[in-house]
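Observations on the model geometry
These are the residues of each chain, in order.
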Amino acid sequence: MKFTKILLATLTFSFIQSCTNDDEITLINEAQLNTIYDATLLKTTVIEPTITGFEDATYTWKLGNEIIGNEKTLGFVSDTEGTYDLILEIKSLSKTSTIRTTVKVTNDSSSTYSKYIAQVFDYLPAVGQFTNALPVYVAGETQTEMTTKAAKALVGEKPSMITLGGYGGYVVFGFDHTIINKADKRDFKVLGNGFAGSSEPGIIMVAYDKNKNGKPDEDEWYEIAGSEYTNPNTIKNYTITYTKPDETKTPIKGTIGWQTDIEYVKWSDNQGNLGFKTKNSYHKQSYYPLWFGQNELKFTGTLLPDNYVDQSGKGTYWVGKQYAYGYVDNAPNNSEDSNIDIDWAVDKNGNPVKLMGIDFIKVYTATNQEAGWLGEISTEVAGAYDLHL
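Source: prediction; values computed, not measured.

Structural notes on the overall build of the protein chain
The number of helices and strands found in the protein chain is 2 helices and 26 strands. Here the protein chain holds 389 residues, and the buried ones make up 48% of them. Counting only contacts in the protein chain whose residues sit at least 6 apart along the sequence, the fraction spanning at least 24 positions is 72%. Computed over 34 positive and 49 negative side-chain charges, the separation of the two mean positions in the protein chain equals 0 Å.

Written as structure tokens, this is what we have:
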């Protein structure tokens, strides 16, 4: 008997020693959630399970029979007080596990939310005829100061307008609450100045505050897949580089009177294209964002097909086609076509994502086109609001 005990103890020690030689012990197929999470009305609560041992897992979050999430981390939000019982189903190649938790949502009576933009986090337009003018740049101002000017234009219920310039120029803003993704309804609207025959589409990115640091982070964005997302002429992972112009050089005038300098701003892209952006006689300030401290300005994103056509054939009558849905400054502000459904969001691989709500929005100009005397196609932003408040 003593010999048996000694043998078992030796084998047990050997097993433990073999595990600790790798510096850590991996628990196999373990999944855990807190028993209960406390949440505030119209505020995202991040719920992330502790999971080990599931390789290439898929995740399905359910509230009753409704699927409310399909990623490991869930951003939970509700506009109704109460207790919500959630189920998370985890599936790997070899195992399925189901775990449960409860979220208790209460109302912070001290909070009164606005449906309008509450904060602008970043603003950087691309090259454009309204850059440095909308809003106005004053010599010596910094990126922070220009972002503050963009905020002055966009925050609140009486916004004015800013330009994003040509392809890639962007603005990032947020709200004082989470915009809820309501089933079978469109959820928010970003205002522009589009009208029939004058559509300058901007792509929308959305995010929720996954790490609860109060600001959008680069790994949190999802693209709103508008009507042209699957268009074979749409280019994903498009990159353009603009070179800061020498404002003292002798301009190369074009053959038409408004063409002040047809070799004003040099640009190139990752599709092998290159050229110049033209300076026109209608806007005499620099078209390059002068507060940006580098000589090259680079943007990456999704490029939509050109939507402007010269219907005159003589360069005098340009018309911008409206895309069906999913963009800023594309449809008139009073049109349902300018309303956005969070359910259109996709991840970086084009897979649909299920988001309960969003905290942040990024808009960037989605085309790289000049329309004769009209100049570059540039998305303008003139506010945004939650359609549910």
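As for the side chain of Thr45
Assignment of secondary structure puts Thr45 in strand S3 (residues 45-47). Once residues lying within four places of it in the same chain are set aside, the contact partners of Thr45 are Asp38, Ala39, Thr40, Leu74, Gly75 and Phe76.

Description of the sheet that holds strand S19 (residues 296-303)
Taken in spatial order, the 4 strands line up as S18-S17-S16-S19 in an open sheet, and their pairing is antiparallel. On the outer flanks of this sheet lie strand S18 (274-280) and S19, each paired with one strand and no other. Across this sheet, the average inter-strand angle for adjacent strands is 35 degrees, counted without regard to direction. Of the strand pairs in this sheet, strand S16 (residues 235-243) and strand S17 (residues 259-269) are connected by 3 bridges, and their pairing is antiparallel. Looking across to S17, one finds that Tyr242 is bridged to Trp267.

Brief notes about the packing of aromatic side chains
Within this structure, the stated rule accounts for 13 aromatic pairs. Where Tyr123 meets Trp291, the ring centres are 6.2 Å apart and the plane angle is 25 degrees; that geometry is what we call stacked. With Tyr123 in strand S10 (residues 119-124) and Trp291 in the loop between S18 and S19, this pair connects stretches of sequence that are 168 residues apart. The pair Tyr123 / Trp291 is uniform in exposure class, with both members buried. Between Tyr242 and Phe299, the ring centres sit 6.3 Å apart and the planes meet at 70 degrees, which makes this aromatic pair edge-to-face.

Re the environment of Ile51
Note on placement: Ile51 falls in strand S4 (residues 50-52). Taking the C-alpha atoms as reference, Ile51 lies 63 Å from Trp258; in sequence the two are 207 residues apart.

Considering the layout of surface pockets
Approximately 670 Å³ is the volume found for the largest pocket. Around the largest pocket, the lining is made up of 22 residues, and of these Met205, Trp221, Glu223, Asp347 and Lys348 lie nearest the centre. Of all elements in the fold, only strand S15 (222-224), S16, S19 and strand S24 (357-365) reach the threshold of two or more residues within the lining of the largest pocket. Tallying contributions element by element places S19 first for the lining of the largest pocket, with 4 residues.

Structural notes on the sheet that holds strand S22 (residues 339-340)
Spatial strand order, S22-S13-S26: 3 strands in an open sheet with antiparallel pairing. Both edges of this open sheet fall to S22 and strand S26 (384-386), since each of them pairs with a single strand only. Strand direction decides the pairing type here: strand S13 (residues 188-190) and S26, joined by 3 bridges, are antiparallel. Bridged to Phe188 within S26 is Asp386.

Some thoughts on the pairing of strand S8 (residues 82-91)
Pairing analysis gives 6 bridges linking strand S5 (residues 58-63) to S8, with the strands arranged antiparallel. Looking at the pairing, Leu63 lines up with Leu86 of S8. With 10 bridges connecting them, S8 and strand S9 (residues 96-106) associate as antiparallel partners. Within S9, the position partnered with Asp85 by the bridge is Thr102. Connecting the antiparallel pair S8 and S9 is a turn made up of 4 residues.

Calculation criteria
- Counting of residues starts from 1 at the beginning of each chain's written sequence and follows it residue by residue.
- In view of the model being predicted, local features appear only for residues whose pLDDT reaches at least 70, and side-chain atom pairs are presented and counted only at 80 or more, with totals across whole chains, interfaces and linings using the full set of residues.
- In computing side-chain properties, one takes all heavy atoms of the structure into account and sets aside hydrogens as well as water.
- Only DSSP runs of H or I covering at least 4 residues are called helices, and only runs of E covering at least 2 are called strands; the numbering of each starts at the N terminus.
- Exposed residues in this analysis have more than 50% of their type's maximum accessible area, buried residues have under 20%, and partly exposed residues fall in between, with area computed by a 1.4 Å probe over protein chains only.
- Every residue pair with non-hydrogen atoms within 4.5 Å of one another is taken to be in contact.
- Charged-residue counts in this description rest on Lys and Arg as positive and Asp and Glu as negative, His and the chain ends being excluded.
- For this purpose, a charge sits on NZ of Lys, CZ of Arg, CG of Asp or CD of Glu.
- Whether two strands pair comes down to DSSP finding at least two bridges between them.
- The angle between two axes is taken between their N-to-C directions and runs from 0 to 180 degrees, where each axis is a line fitted to C-alpha atoms and a helix contributes only its stretch in contact.
- Here is the rule: rings of Phe, Tyr and Trp (six-membered ring for Trp) pair when centre to centre is within 6.5 Å. Planes less than 30 degrees apart are stacked, more than 60 are edge-to-face, and the remainder are tilted.
- A pocket, in this scheme, is an open set of points on a 1 Å grid over the protein atoms alone with protein on both sides within 12 Å along at least 5 of 7 lines, while a cavity is a set where a 1.4 Å probe fits but cannot get out; residues line either one if an atom lies within 4 Å of a point.
- Grid points are joined across faces, edges and corners, and a volume is the space filled by probe spheres set on the points.

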